[in-house]
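Fold and contact review
In case you want the letters, here they are:
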Amino acid sequence: MIFDTSHLEVNEIYRLLVGGITPRPIAWISTLSAEGVANLAPYSFFNVASCNPPILWYSQVNPRSGDDKDTLRNLIDTKQCVVHIVNSQLLEKMNLSCALLPADQSEFDFADIASEPSHTVASLAVKHAPVRYECQLREVIQLSTLPSGGTVALLDVKSIYVDDHLWNGQMIDQQLLDSVGKMGGDFYSLTNHLRQLERP
């Protein structure tokens, strides 16, 4: 079956994109508002943009209201964030942080998520996240101002935290990382079965 995107409604396009481009890594991003409120929200439009220099990107799907989400608004105001990798132990807490809360209410408090200070940025860190990237905002690229359009943020990685038990001396142990991916709808993928293939 072929779908011509020019003949589809936005919600139909969304379902075809997120239902096929799977699993997607999840950036669980913490920021601080200009007023000092700690925000935490997950984004599955996310990946590595560059290793030299180290840059991550994530994209906000613009809300129907036309207003930016708290994460992007805080990033523009304070220029700092922490990108956390979610494992299966944090999955339910991460899902709770999806709740639509007023800007003056912290998801850390709402979902009872343990936090601790970061090393190089003011944004709080999720204490039990296995890997986290402390970042400075590099650039915001607005691809569309329409509802469900995309606004991309490029993030310079300033420091990287890896839980000691995951570091094997050369890399992050993929068998122990236990990262979670986003599927279509309300589904998530777990990485409890990995297959290793050497490159030719």
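Residues numbered from 1 in each chain as written. Predicted model: local features only at pLDDT ≥ 70, side-chain atom pairs only at ≥ 80, totals over all residues. Heavy atoms only, no water.

What follows covers the sheet that holds strand β5 (residues 54-61). Adjacent strands of a sheet pair through backbone hydrogen bonds, lying either parallel or antiparallel. The strand order across the open sheet built from seven strands is β3-β2-β6-β9-β10-β5-β4, with neighbouring strands paired in antiparallel fashion. The open sheet is flanked by β3 (38-43) and β4 (46-51), the only strands paired with a single partner. Strand-to-strand twist across the sheet, computed as the mean angle between neighbouring axes with direction ignored, equals 35°. Here strand β6 (residues 80-85) runs beside strand β9 (residues 131-142); their pairing, made up of six bridges, is antiparallel. Bridge pairing in β9 links Gln 80 to Gln 136. Sitting on the sheet, helix α2 (residues 70-78) is in contact with β2 (27-32), β3, β5, β6, β9 and β10 (150-162), with an inclination near 50° to β2. (Pairing = 2+ DSSP bridges. Helix = DSSP H or I, 4+ residues; strand = E, 2+ residues; numbered from the N terminus. Axes fitted to C-alpha atoms, helices over the stretch in contact; angles between N-to-C directions. Contact = heavy atoms within 4.5 Å.)

This part takes up the pairing of β3. Buried residues dominate β3, accounting for six of its six residues. Here β3 shows a buried face lined by Ala 38, Leu 40 and Pro 42 and a second buried face lined by Asn 39, Ala 41 and Tyr 43. Following β2, the chain reverses through five residues before pairing antiparallel with β3; Gly 36 in that reversal takes a positive phi of roughly 90°. (Buried < 20%, exposed > 50% of the residue type's maximum accessible area, 1.4 Å probe, protein only.)

A separate point is the nonpolar core. Of all hydrophobic cores here, the largest spans 22 residues; its most connected members are Leu 56, Tyr 58, Val 83, Tyr 133, Cys 135 and Leu 155. Secondary-structure elements contributing two or more residues to this core are β2, β3, β5, α2, β6, β9 and β10. With four residues, β9 is the largest single contributor of residues to this core. What Val 83 contacts, discounting residues up to four positions off in sequence, is Ala 27, Trp 28, Ile 29, Phe 46, Leu 56, Val 131, Arg 132, Tyr 133, Cys 135 and Leu 155. Core analysis: the next-biggest nonpolar cluster, separate from the first, contains 15 residues, Ala 38, Leu 40, Leu 90 and Leu 91 among them. (Core = buried A, V, L, I, M, F, W, Y, C linked by side-chain atoms within 4.5 Å.)

For the rest of this paragraph, the subject is the pattern of salt bridges. Summed over the entire model, instances satisfying the criterion amount to three salt bridges. Residue Arg 73 pairs with Asp 70 through a salt bridge whose shortest N-O separation is 2.2 Å. Here Asp 70 and Arg 73 lie together in helix α2, a separation of three residues that amounts to about one turn. The class of Arg 73 is partly exposed, set by a relative accessible area of 32%. (Salt bridge = Lys/Arg side-chain N within 4 Å of Asp/Glu carboxyl O.)

This next bit is on the sheet that holds strand β12 (residues 188-190). Taken in spatial order, the three strands make up an open sheet running β1-β11-β12, and their pairing is antiparallel. The open sheet has two edge strands, β1 (24-25) and β12, and neither has a second partner. As defined by bridge partners, β1 adjoins strand β11 (residues 180-182) across two bridges and the pair is classed as antiparallel. If you follow Arg 24 over to β11, its bridge partner there is Lys 182.

Right, let's get into the packing of aromatic side chains. Counting across every chain of the model gives one aromatic pair. The ring of Tyr 161 has Arg 132 sitting right over it, with the charged end atom 4.0 Å from the ring centre. Its end group placed over the ring of Tyr 188, Lys 182 keeps NZ or CZ at 5.0 Å from the ring centre. (Phe/Tyr/Trp six-rings, centres within 6.5 Å; stacked < 30°, edge-to-face > 60°. Lys NZ or Arg CZ within 6 Å of the ring centre and 35° of its normal.)

This part covers a nonpolar patch on the surface. A surface patch of nonpolar side chains, amounting to about 370 Å² of accessible area, comprises Met 1, Phe 3 and Leu 16. Looking at where Met 1 falls in the secondary structure, it is placed in the segment before α1 (10-20). Overall, Met 1 belongs to the exposed group, its relative accessible area being 86%. (Patch = residues over 30% accessible without salt bridge, like charges linked within 9 Å, V, L, I, M, F, W, Y side chains within 5 Å. Areas by Shrake-Rupley, 256 points an atom, 1.4 Å probe, with all protein chains shown as cover.)

Right, let's talk about unusual backbone geometry for a bit. For the peptide bond that leads from Thr 22 to Pro 23, omega is -15°, which places it in the cis range. With respect to the helices and strands, the residue Pro 23 is situated in the loop between α1 and β1. For the peptide bond that leads from Asn 52 to Pro 53, omega is 5°, which places it in the cis range. Within the fold, Pro 53 resides in the loop between β4 and β5. In the Ramachandran plot, Lys 79 falls in the positive-phi region, its phi being about 70° despite a non-glycine side chain. Mapped onto the elements of the fold, Lys 79 is located in the loop between α2 and β6. In this structure, Asp 112 is a non-glycine residue whose phi angle is positive, near 55°. For Asp 112, the position within the fold is in the loop between α4 (107-110) and β7 (115-116). You can call Asp 112 exposed: its relative accessible area is 59%.

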